[in-house]
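Chain residues, written in single-letter form:
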Amino acid sequence: MFARLATTAIATLRSGSSSKWPVPTTIVSRQYAAQPKRFYKKTSVLYADGGYEVTLDHRKLKTPKGAIFSVKSEPLAIAVATEFDNQREHIERSRMHLSAICFTAIDNPNNFTKIDMVNYLLNYIATDTVLFQYDNEKDLQELQQNEWDPVIAWFNQRYETNLKKTMNITPPKVTDEDKMKIAKHFQSHSLETLHGFIFAVDTLKSIVLACAVIDQQITVEKAVALARLEEEYQVKFWGRVEWSHDLSQQELQARLAAAVLYVHMNCSESFVKEKLLV
Amino acid sequence: MSATTVLRSLLHELRQAAPNGCIKDSLAARYILAQFKKFKTTDQQLCKARNEAVFLGQTYLTYLTSTRNYNELHKEYHGRGERSVKETADLVGFKLPTDPK
């Protein structure tokens, strides 16, 4: 019966195809919000009121909330100016991670206080990526032991904590004492820097890895590779899809690099002490 | 990665990212060159982690490279809406009635 239906369908198609075959004249495309056009020619940085501001031609760059963009660190302002300068016809705001962090830190759209942010970060410890390991598959477990365990050991030594990995679905036990120690470390940073930390932790889904990369123990690429360890392992068997795996890897790297740069440029203050000429 | 490699790669990436491919009067390039000159004798800033300057350079390099790669992949694979009849026909090797034989 299905065969007959199919033949009649083909027959009707054939008879219709001669002259009145409906040709769609409009092409359906998905509608996205239009991106703002690049309205400036040149970007620059100027120093005013104790902060560095970015100018687009003669206009000053403003945050989404309307505040004037102003940061303490010169390299950060230069990086943001460069990022705006690197836009072609349109300003692709979703791909400007460095500017995004700066805007978030200046505007603080969620009105976070320091305590909120430290609590947000602490909540990540119980579900930290590197603390959940898997022992049913031998190769994977070996890989996780070789790659993740040294980072956990480094973290425990650096922050004098005693985090332990778990081999099954029960979350690892984190003592209050450990939480206090980690909270104290985060409390010592300023509100702006904590925005960078949150950005890094959100990217990696791991406090241990975020702290390791911000403390310069591992490079950004390595940190992202460690966060995607199991994915990379499975990709070896099931194949790598460029528009999914590579895309997410590049995005995570860009995000993490932006967060690390932001934290470092916010923390570091360099001054030159000159020799006195006698 | 040695400091020289980082510097060369950074300038290369900046050149690729710039819309006109020229970084002659780019703020970032000038700043990076100045920093590299400053830490030429020692990139171990005093009282700070070892090789901090190079680490930061590497991180910025990763940022630029990953953003460029992401943009390339996005351009290649992002959907541009439905294919036209002509494109679909070309895809399967058919010809439109209007096309010459």
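Each remark here, short or long, concerns the structure printed above.
Residues numbered from 1 in each chain as written. Chains lettered and ligands numbered in written order. Predicted model: local features only at pLDDT ≥ 70, side-chain atom pairs only at ≥ 80, totals over all residues. Heavy atoms only, no water.

**As for the overall build of chain B**
Then step 1. The number of helices and strands found in chain B is four helices and zero strands.
Then step 2. In chain B, the succession of helices and strands from N to C terminus is α-α-α-α.
Then step 3. Buried residues in chain B amount to 34% of all 101 residues.
Then step 4. Taking the contacts inside chain B whose residues are at least 6 apart along the sequence as the reference set, 49% of them involve residues at least 24 apart.
Then step 5. Of the roughly 6,900 Å² of accessible surface on chain B, a fraction of 56% belongs to carbon and sulfur atoms. (Helix = DSSP H or I, 4+ residues; strand = E, 2+ residues; numbered from the N terminus. Buried < 20%, exposed > 50% of the residue type's maximum accessible area, 1.4 Å probe, protein only. Contact = heavy atoms within 4.5 Å. Areas by Shrake-Rupley, 256 points an atom, 1.4 Å probe, with all protein chains shown as cover.)

**Concerning the nonpolar core**
Then step 1. Judged by nonpolar contacts, the single largest core of 89 residues is most densely connected at Phe84, Phe155, Phe186, Ile207, Val213 and Leu256 of chain A together with Tyr60 of chain B.
Then step 2. Formed jointly, this core draws a minimum of three residues from each of two domains, domain 1 (43-107) and domain 2 (114-267) of chain A.
Then step 3. In this structure, Ile207 of chain A is in contact with Leu121, Leu122, Tyr124, Ile125, Asp128, Phe155, Phe186 and Val201 of chain A, ignoring residues within four places of it in sequence. (Core = buried A, V, L, I, M, F, W, Y, C linked by side-chain atoms within 4.5 Å. Domains from an automatic or database assignment.)

**Comments concerning helix H8 (residues 207-214) of chain A**
Residues and elements named next belong to chain A.
Then step 1. With eight of eight residues buried, H8 is to be regarded as a mostly interior element.
Then step 2. Of the residues making up H8, those classed as buried are Ile207, Val208, Leu209, Ala210, Cys211, Ala212, Val213 and Ile214.
Then step 3. Capping the start of H8, Ser206 holds a side-chain oxygen 3.4 Å from the backbone nitrogen of Val208, two or three residues further along.
Then step 4. One or two positions beyond H8, positive phi appears at Gln216, with a value near 65°. (Polar contact = N/O pair within 3.5 Å; in protein donor to acceptor, adjacent residues only side chain to side chain.)

**Focus on the side chain of Glu53 of chain A**
Then step 1. Among the secondary structure elements, Glu53 of chain A is positioned in strand E2 (residues 51-56).
Then step 2. Among the polar contacts made by the side chain of Glu53 of chain A, one reaches the side chain of Lys60 of chain A at a distance of 3.0 Å.

**Overview of the pairing of strand E1 (residues 43-48) of chain A**
Residues and elements named next belong to chain A.
Then step 1. Here E1 runs beside E2; their pairing, made up of six bridges, is antiparallel. Paired with Ala48 across the strands is Gly51, a residue of E2.
Then step 2. Hairpin geometry of E1 and E2 is characterised by an intervening segment of two residues between the two adjacent antiparallel strands and by a positive phi of about 50° at Asp49. (Pairing = 2+ DSSP bridges.)

**Here we look at the pattern of salt bridges**
Then step 1. With the rule as written, the count across this model stands at 15 salt bridges over all chains.
Then step 2. We note a salt bridge from Arg255 of chain A to Glu251 of chain A, for which the minimum N-O separation is 3.4 Å. Within this pair, Arg255 of chain A and its partner Glu251 of chain A are both found in helix H11 (residues 242-267), separated by four residues, close to a single helical turn.
Then step 3. For Arg255 of chain A, a relative accessible area of 28% gives the class partly exposed.
Then step 4. Classification of Glu251 of chain A by relative accessible area gives partly exposed; the value is 24%.
Then step 5. A salt bridge links Arg68 of chain B to Glu13 of chain B; the nearest nitrogen and oxygen atoms lie 2.8 Å apart. (Salt bridge = Lys/Arg side-chain N within 4 Å of Asp/Glu carboxyl O.)

**Quick look at a nonpolar patch on the surface**
Then step 1. Judged by side-chain polarity, Val241 and Trp243 of chain A together with Tyr77 of chain B come together as a nonpolar surface patch covering roughly 300 Å² of accessible area.
Then step 2. For Trp243 of chain A, the position within the fold is in helix H11. (Patch = residues over 30% accessible without salt bridge, like charges linked within 9 Å, V, L, I, M, F, W, Y side chains within 5 Å.)

**Some thoughts on the interface of chain A and chain B**
Then step 1. At the interface, 44 residues of chain A touch 33 residues of chain B.
Then step 2. Each partner contributes to the roughly 3,300 Å² buried at the junction of chain A and chain B, and carbon and sulfur atoms together form 66% of this total.
Then step 3. The tally of links from chain A across to chain B stands at zero salt bridges.
Then step 4. Linking chain A with chain B are 12 residue pairs in polar contact (both at pLDDT 80 or more), by the criterion used here. (Buried area = accessible area lost by both parts, 1.4 Å probe.)

**Some remarks on the packing of helix H7 (residues 191-204) of chain A against H8 of chain A**
Residue and element names in this part refer to chain A.
Then step 1. One way to put it is that H7 packs onto H8 with a least axis distance of 8 Å and a crossing angle of 125°. Taken together, the axes of H7 and H8 are oblique relative to one another. Taken as a pair, H7 and H8 cross one another with a handedness that is right-handed. Here Phe197, Ala200, Val201 and Leu204 of H7 come into contact with H8, specifically with Ile207, Leu209, Ala210, Val213 and Ile214.
Then step 2. Considered class by class, the residues forming the contact of H7 with H8 number nine nonpolar, no polar and no charged. (Axes fitted to C-alpha atoms, helices over the stretch in contact; angles between N-to-C directions. Parallel < 35°, antiparallel > 145°, perpendicular 65-115°, else oblique. Left-handed = near helix turned anticlockwise from the far one by under 90°. Nonpolar A, V, L, I, M, F, W, Y, C, P; charged D, E, K, R; others polar.)

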